[in-house]
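Each chain is listed here by its residues.
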Amino acid sequence: FILTGIPGLEDAQFWIAFPFCTVYFIAVLGNITLLLVIRIDPSLHLPMFYFLSMLAAIDLVLTTSTMPKLLSIFWFHSHEISFEGCVAQMFFIHSFSMVESGVLLTMAFDRYLAICKPLRYSTILTGPTIAKLGLTAAVRGIAIATPATCMVANLSYCGPRVIHHSYCEHMSVVKLACGDTRPNSIYGITVATVVVGSDSILIAVSYMLILREVVGLSSREARLKSFGTCCSHISVILLFYMPGLFSFYTQRWGRSIPVHVHILMADLYLLVPPMLNPLIYGMRTKAIWERVLSLLWQ
């Protein structure tokens, strides 16, 4: 296949690559730092930080599965990608996006227990429970992405080889296939709507319960601290879901939206949240920030 990059902005792609590369570098550095700090500091071996580690690892996979190839397209005009490489990239993007959605849901559940059920927090979120929650999110994401990947791999491709995208997005590849592709479209739309819809609703319910509990706190300092934690999580959730949904649905029905706007949003969906997640959590979580500063000082 031939990946075009950003259709309509071919002349500007060389310069667009510089901010993309900077953001990618910050994302990799920030997430690796987060993983190392949580790994070496025993005081951070708590449920919330284990979930943060999962999020950091997922973000590293998402960005690394797309950004090196994207930068090679922008800088070195390396547009070709093998069929196997394209299918593998598609699998990693869609499966780990689903896994991240599941981890964000478990993080909302973690905050609900910490604020609304503090006395039962340590008894509910034990080590085995945390491992099961992470494993469930991973199995669900892989189980959902595998059928879509197999369906794409089994299609016949007898027409043009040009994918009008920066990476192998599911529907961009399906559009190049011959024959009936309705099962692929129906499966993709159904999965995105059901999984993202259910996760978003459950996350929203969790935070509504949290906010109701926070409003009832007697201490102003405790209210502000709880609001700050919730705002951090809600910011991450919005940054993850909004660009992803925009990219997904405009790929099917957004014909009036310029192609370069759609592709840029799709690229930023896999780049900006992985960069901001460690910054938001690092800045807002005192224990992590203090540990990073102490390591830098040493």
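Rules used in this analysis
Residues numbered from 1 in each chain as written. Predicted model: local features only at pLDDT ≥ 70, side-chain atom pairs only at ≥ 80, totals over all residues. Heavy atoms only, no water. UniProt positions renumbered as here; feature names shortened; annotations may be inferred. Axes fitted to C-alpha atoms, helices over the stretch in contact; angles between N-to-C directions. Helix = DSSP H or I, 4+ residues; strand = E, 2+ residues; numbered from the N terminus. Parallel < 35°, antiparallel > 145°, perpendicular 65-115°, else oblique. Left-handed = near helix turned anticlockwise from the far one by under 90°. Contact = heavy atoms within 4.5 Å. Nonpolar A, V, L, I, M, F, W, Y, C, P; charged D, E, K, R; others polar. Buried < 20%, exposed > 50% of the residue type's maximum accessible area, 1.4 Å probe, protein only. Arc of directions from axis to C-beta. Polar contact = N/O pair within 3.5 Å; in protein donor to acceptor, adjacent residues only side chain to side chain. Disulfide = S-S within 2.5 Å.

As recorded in an unreviewed UniProt entry, the chain goes by Olfactory receptor and comes from Ciccaba nigrolineata. Listed in UniProt under the heading Sequence similarities (unreviewed entry), the comment for the chain reads: "Belongs to the G-protein coupled receptor 1 family." Recorded in UniProt under Function (unreviewed entry), the annotation for the chain is "Odorant receptor."

*Asks:* I'd like to hear about the packing of helix H6 (residues 127–153) against helix H8 (residues 182–215), residue by residue, with values.
*Replies:* Where H6 meets H8, the closest approach of the two axes is 10 Å, and the angle between their N-to-C directions is 165°. In terms of axis orientation, H6 runs roughly antiparallel to H8. Between H6 and H8 lies a crossing whose hand is left-handed. Within the contact between the two elements, H6 uses Arg140, Ala143, Ile144, Pro147, Ala148, Met151 and Val152 and H8 uses Pro183, Asn184, Tyr187, Val191, Val195 and Asp199. Taken together, the residues of the contact of H6 with H8 break down into 10 nonpolar, 1 polar and 2 charged.

*Asks:* Give me the side chain of glutamine 13: which residues, what numbers.
*Replies:* Mapped onto the elements of the fold, glutamine 13 is located in helix H1 (residues 13–40). On the basis of relative accessible area, glutamine 13 is assigned to the buried category, the value being 4%.

*Asks:* How would you explain helix H10 (residues 259–269) if you had to name every residue and give the values?
*Replies:* Listed as buried for H10 are His262, Ile263, Ala266, Asp267 and Tyr269. Taken end-on, H10 shows its buried residues confined to a sector of 160°, consistent with a single buried face.

*Asks:* Describe the environment of asparagine 277, listing the residues and the values that go with them.
*Replies:* Assignment of secondary structure puts asparagine 277 in helix H11 (residues 272–284). On the basis of relative accessible area, asparagine 277 is assigned to the buried category, the value being 2%. Sequence spacing of asparagine 277 and glycine 179 is 98 residues, and the spatial spacing of their C-alpha atoms is 41 Å. Among all residues touching asparagine 277, those that are not within four sequence positions of it are Leu55, Asp59, Glu100 and Val236. In terms of polar contacts, asparagine 277 uses its side chain to reach the side chain of aspartate 59, at 2.7 Å.

*Asks:* So what about unusual backbone geometry? Which residues, and what values?
*Replies:* A positive phi angle is found at histidine 77, which is not glycine, with a value near 55°. In this fold, histidine 77 is placed in the loop between helix H3 (67–76) and helix H4 (83–116). Look at histidine 77 and you get exposed, because its relative accessible area is 59%.

*Asks:* Can you tell me about the state of the cysteines, naming the residues and giving the values?
*Replies:* Under the definition given, this model contains 2 disulfides. A sulfur-sulfur distance of 2.0 Å marks the disulfide that ties cysteine 86 to cysteine 168. An S-S torsion of about -120° defines the bridge between cysteine 86 and cysteine 168 as left-handed. With cysteine 86 in helix H4 and cysteine 168 in the loop between strand S2 (162–163) and helix H7 (170–174), this residue pair connects regions lying 82 residues apart in the sequence. Note on cysteine connectivity: cysteine 158 is disulfide-linked to cysteine 178, with sulfurs 1.8 Å apart.

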